[in-house]
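# Architecture at a glance
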Amino acid sequence: MLALSIAPQFCFGFGVGRTKFSMSGTTRYFTRALRSKSNAPTSATAPNPEPDPASESSVAASAPEVRVFVRKKRAKRTVKVPEKEDGTETQDQRESVLPEIEEFAYRRPNELTQSRKSKSSSDALVVEKQVPASKPRGESPASWEEVLEGIRKMRGSANAPVDTMGCEKAGDTLPTKERRFAVLVSSLLSSQTKDHVNHGAIQRLLQNGLLTPEAISKADEETIRNLIYPVGFYTRKAANLKKVANICLTKYDGDIPGSIEELLSLPGIGPKMAHLVMNVGWNNVQGICVDTHVHRICNRLGWVSRSGTKQKTLTPEETRKALERWLPKEEWVPINPLLVGFGQTICTPLRPRCGECSVSEFCPSAFKETSTSPSKSKKPNKL
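The notes below deal with the structure included here.

### Comments concerning the packing of aromatic side chains
For the structure shown, the criterion picks out three aromatic pairs. Taking 5.3 Å as the distance between ring centres and 70° as the angle between the ring planes, the aromatic pair formed by W144 and W326 counts as edge-to-face. One end of the pair, W144, is in helix α5 (residues 144-154); the other, W326, is in the loop between α15 (316-324) and α16 (335-345), and 182 residues separate them in sequence. The buried category is assigned to W144, whose relative accessible area is 12%. Residue W326 is classed as buried on the basis of its relative accessible area of 9%.

### Topic: the packing of α5 against α16
α16 packs onto α5 with a crossing angle of 65° between their chain directions and a minimal axis gap of 10 Å. In the crossing of α5 with α16, the sense of the turn from one axis to the other is left-handed. Two secondary-structure elements touch here, α5 through L148, I151, R152 and M154 and α16 through L338, L339 and F342. Its residues assigned to classes, the contact of α5 with α16 comprises six nonpolar, no polar and one charged.

### Some remarks on the environment of A201
Mapping A201 onto the fold places it in helix α8 (residues 195-207). In this structure, the C-alpha to C-alpha distance between A201 and L189, residues twelve residues apart in sequence, is 8.3 Å. Setting aside residues no more than four positions away along its own chain, A201 makes contact with L189, L227, I228 and V231.

### Things to note about the nonpolar core
One finds L184, V185, L189, L205 and I228 to be the most contacted residues of the largest nonpolar core, which totals 38 residues. The set of elements that each furnish at least two residues to this core consists of α7 (176-189), α8, α9 (213-218), α10 (221-228), α11 (234-252), α12 (260-264) and α13 (271-281). Per element, the largest residue contribution to this core is seven residues, and it comes from α7. Core analysis: the second largest hydrophobic core is formed by 31 residues, I151, M154, I335 and C357 among them.

### What about the packing of α7 against α13?
Pairs of packed helices are described in terms of their axes, by the angle between the two and the distance that separates them. Direction vectors running N to C along α7 and α13 enclose 155°, while the axes themselves pass 10 Å from each other. One element, α7, and the other, α13, form an angle in the roughly antiparallel class. The interaxial crossing formed by α7 with α13 has right-handed handedness. Residues R179, R180, V183, L184, S187 and L188 of α7 pack against M273, L276, V277, V280 and G281 of α13. Here the residues of the contact of α7 with α13 sort into seven nonpolar, two polar and two charged.

### Remarks on the pattern of salt bridges
In total, this model carries eight salt bridges according to the counting rule given. When the shortest N-O distance is used, the salt bridge between R180 and D255 registers 2.8 Å. Within this pair, whereas R180 is found in helix α7, its partner D255 is found in the loop between α11 and α12, the two being separated by 75 residues in sequence. A residue is classified by how much of its surface remains accessible, and R180, at 13% relative accessible area, is buried. In this structure, R225 engages E221 in a salt bridge whose closest nitrogen and oxygen atoms are separated by 3.9 Å.

Calculation rules
Residues numbered from 1 in each chain as written. Predicted model: local features only at pLDDT ≥ 70, side-chain atom pairs only at ≥ 80, totals over all residues. Heavy atoms only, no water. Phe/Tyr/Trp six-rings, centres within 6.5 Å; stacked < 30°, edge-to-face > 60°. Helix = DSSP H or I, 4+ residues; strand = E, 2+ residues; numbered from the N terminus. Buried < 20%, exposed > 50% of the residue type's maximum accessible area, 1.4 Å probe, protein only. Axes fitted to C-alpha atoms, helices over the stretch in contact; angles between N-to-C directions. Left-handed = near helix turned anticlockwise from the far one by under 90°. Contact = heavy atoms within 4.5 Å. Nonpolar A, V, L, I, M, F, W, Y, C, P; charged D, E, K, R; others polar. Core = buried A, V, L, I, M, F, W, Y, C linked by side-chain atoms within 4.5 Å. Parallel < 35°, antiparallel > 145°, perpendicular 65-115°, else oblique. Salt bridge = Lys/Arg side-chain N within 4 Å of Asp/Glu carboxyl O.

Quick look at the structure:
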């Protein structure tokens, strides 16, 4: 008797016994008698007897049973993903074990590989264990929006010097290309100089026809010094003006540089000036303009701190980087004139008027700071 055994593991069994087919959990038996040549009937027309279970058992008991198993190579199968049903894995569930896009900057490659390979029956559990929570770029200080709105209301009268004499007002009636150079010159002269003094120097240069690269390049330094006096460090700034004018003529065809890196390469130009020129001259926001007022007020409000510590920032550049970590980008441009004017009128360097400030309840420095020592630096700072 020939026995075939077909199982889901793709194995075939040959032997003496019954034929067994196992498919989809249902087992069926088919039996066919096999006779040896000696017991075969002589007549070709002799009918085959009907299979008898008793005779099958006796034959199987008398004849040795031989089984041969042949393992068949597993064929490639294409599994179709069913439509979204209860209990099926959706695309969102399959992707839930992967980290968010923002987290790639915070996790090492081997951690990403482990999180992809480790997958349990509960996707939510995998995410909780393998993928840390997304960290914001920087933690916003408490009530900063209320503080900013309160400062806007206090600045509503627009009576601060920056509102009419700030660097961005320089050459506002000139053509676009000439105005860019005027803003660059005004920014260079503004270091450690009050707005009304700097504005007067720009007006004198304009009245004498010395607010273009060509005119400044041809003028002697003594003439420039006399016109920009009494701005801080006017002698050094006059020399830097000559150098900047020559660079603009030779490298930029009479225009100004169009990137932060190129602007910072100019003599006498610091980060604050470069960002202001990019904002006003090129309408390209690359960062926040942080001068002494913005630097001082942000530290008083507790909005910034040194990286990895709770200590106050020491320089305007440190303040800029700390502020950009959490402040929304749409606030990067207006925050400079807003806080500069606030620092000129209420939150002054010496004896701040905390009694007149409507946001003093949010300020950890309110009524605690009565005086601030003026800077004793003898060299101009490149803000």
